There are 2 protein chains.
Amino acid sequence: MSEVEAAPRACTIAASLAVIGEKWSILVIRELSLGVHRFDAIQRNTGAPRDILSSRLRRLESEGVVEKQLYQLHPPRYEYRLTEAGDELRPILLSLAEWGARWTDETTHATWLHECGAELDLKHTCAACGGEVTGLDLRRRHRSESAA
Amino acid sequence: MSEVEAAPRACTIAASLAVIGEKWSILVIRELSLGVHRFDAIQRNTGAPRDILSSRLRRLESEGVVEKQLYQLHPPRYEYRLTEAGDELRPILLSLAEWGARWTDETTHATWLHECGAELDLKHTCAACGGEVTGLDLRRRHRSESAA
DNA sequence: CTACAGGGTTGGAAAAATCAACCCTCTGTG
DNA sequence: CACAGAGGGTTGATTTTTCCAACCCTGTAG
């Protein structure tokens, strides 16, 4: 009778998706990354419905990824900026951009360039050993134990 | 007069999301990356409803990210594997995993380790200049012109 | 004969996303 | 003053997705 009931795998990929995995969220973050900070412009550039955009911005704000800043009183006007946590989503955007360029047949889109002028071509290396990261090696380790 | 009608930004991030951006898709790809290839196990490990999983696998297959392989006749049984395109989604998974570990308060999850034994800590560098990639620099360049 | 593995499909209920229209505060124009 | 536009949303009705539980089918094990 020990019904183990098989919970889904708890992992940080799922945890990330719980924050930014809803429809439109990543495109909103893309716009903020590109320096577009206002509701109307974000709405136009992403194509998200206004009500959904409103809801996503609130969600991202409550998750600490986005900050709302008053830039004018009378009438109050806000703009949205990435927090540090939001800024660190950049590698995700870059990886998505690169994959899409390589594996989708978008031909009319803009190209992503690195500041050096070269077309986006990322290398992902392990900060510890310097080796290229190829495998996905999951190991269970409960981090709460290091908190004494 | 000239109604520009402001189409949303065409970009490869959006193109990628059109392929893998639906709910559960990335978790399915995570499982395949981890070597879990069968319907039931993917269903248990992700927590996705069976009908949705079925629909996602078909979608990913038709997008060329996943391949369905018969591993037994009588009764016919299939397993799912990543194609080369699917395999190259790995950097996206890794970036998501890393961000989640740093910015979400998941404490009971497993940790991702590189094969060298160190905890996941990625460096993203430009293959051309070797410099760390920090900016997101979008430039319009129509690629169809180089196809003569 | 019954149970279980494996891989799904089906129908109905619940939740999300979409769309169009509206609201509110100002500022600028005639 | 009246009206339009910028900017940032909200509201209500409709359509799509998701979710859930139950079912189906083939074959093996007890």
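Whatever comes next refers back to the structure up there.
Presented here is a report on the structure given in the accompanying data block. Each residue is numbered by its place in its chain's sequence as written, counting from 1. Written order determines the labels here, with chains lettered from A and ligands numbered from 1. Predicted model: local features are reported for residues with pLDDT of at least 70 only, side-chain atom pairs are reported and counted for 80 or more only, and whole-chain, interface and lining totals are derived from all residues. Based on all heavy atoms of the structure, the side-chain values leave hydrogens and waters out of the count.

Here a residue counts as near a molecule or strand whenever at least one of its heavy atoms sits within 4 Å of it. Within the structure, DNA strand D sits among 21 residues, and A:S54, A:Y80, B:W24, B:D51 and B:R56 are positioned closest to it. Residues adjacent in sequence count toward polar contacts only when both atoms are side-chain atoms; beyond that, a polar contact is any pair of N or O atoms within 3.5 Å, and within protein one must be able to donate a hydrogen and the other to accept it. Take A:R58: an N or O atom from its side chain is 3.1 Å from a phosphate oxygen of DNA strand D. B:D51 places a polar side-chain atom, nitrogen or oxygen, 2.3 Å from a base nitrogen of DNA strand D. Going along the chain from the N terminus, every DSSP run of H or I of four or more residues is numbered as a helix, and every run of E of two or more is numbered as a strand. Going through the elements one at a time, α3 (39-46), α4 (50-62), β1 (66-72) and β2 (77-82) of chain A together with α4 (50-62) of chain B are the ones with two or more residues in the surface near DNA strand D. With four residues, α4(A) is the largest single contributor of residues to the surface near DNA strand D.

Residues in contact with DNA strand C amount to 21 residues; listed here are only the nearest, A:W24, A:D51, A:R56, B:S54 and B:Y80. Between DNA strand C and the protein, one listed contact pairs a base nitrogen with a side-chain N or O atom of B:R50 at 2.7 Å. Contacts to DNA strand C include B:S54, whose side-chain N or O atom sits 2.5 Å from a phosphate oxygen. Mapped by element, the contributors of at least two residues to the surface near DNA strand C are α4 of chain A together with α3 (39-46), α4, β1 (66-72) and β2 (77-82) of chain B. A total of four residues in the surface near DNA strand C trace back to one element, the largest contributor, which is α4(B).

What follows is about the pattern of salt bridges. Residue and element names in this part refer to chain A. Salt bridge criterion: a side-chain nitrogen from Lys or Arg within 4 Å of a carboxyl oxygen from Asp or Glu. The final tally for this structure, using the stated rule, is 21 salt bridges over all chains. Across the salt bridge formed by D87 and R90, the nearest N and O atoms sit 3.5 Å from each other. Here the salt bridges do not stand alone but share partners, grouping E22, R56, R59 and E63 into one network.

Bringing the interface of chain A and chain B into the picture now. Residue contacts are counted whenever heavy atoms from the two residues lie within 4.5 Å of one another. Every contact between the two is made by 80 residues of chain A and, on the other side, 79 residues of chain B. Defined in terms of a 1.4 Å probe, buried area is the accessible area two parts forfeit on being brought together, summed over both. Around 8,000 Å² of area is buried between chain A and chain B when both sides are counted, 62% of it from carbon and sulfur atoms. For the pair chain A and chain B, the number of links is five salt bridges. Residue A:E88 is joined to B:R102 by a salt bridge in which the shortest nitrogen-to-oxygen separation is 2.7 Å. At the boundary of chain A and chain B, one finds 30 residue pairs in polar contact (both at pLDDT 80 or more). Listed by contribution, the elements that provide at least two residues to the side of chain A that touches chain B are α1 (12-20), α2 (25-33), α3, α5 (84-87), α6 (90-103), β3 (111-113), β4 (122-126) and β5 (137-139) of chain A. Ranked by the residues each element gives to the side of chain A that touches chain B, the list is headed by α6(A), at 13 residues.

All names here are of chain A. Here A18 is to be found in helix α1. Between buried and exposed lies partly exposed: a residue is buried under 20% and exposed over 50% of the maximum accessible area for its type, with that area taken using a 1.4 Å probe on protein chains only. For A18, a relative accessible area of 45% puts it in the partly exposed group. Taking C-alpha positions, A18 is 9.8 Å from E63, a pair spaced 45 residues apart along the chain.

Let us look at the relation of the copies chain A and chain B. What connects the two chain copies is a rotation about an axis and a shift along it. Our superposition of the copies is a least-squares fit, built on the C-alpha atoms of residues whose pLDDT is at least 70 in both. Placing chain A over chain B gives an RMSD of 0.0 Å and needs a rotation angle of 180°, together with 0.0 Å of translation along the axis. Those values place the two copies in the arrangement expected of a two-fold rotation axis. No C-alpha of chain A lies nearer the rotation axis than that of A:H124, which sits 2.4 Å from it. An overlap of 99% is found between the interface residues of chain A and their copies at the interface of chain B, pointing to a shared contact surface.

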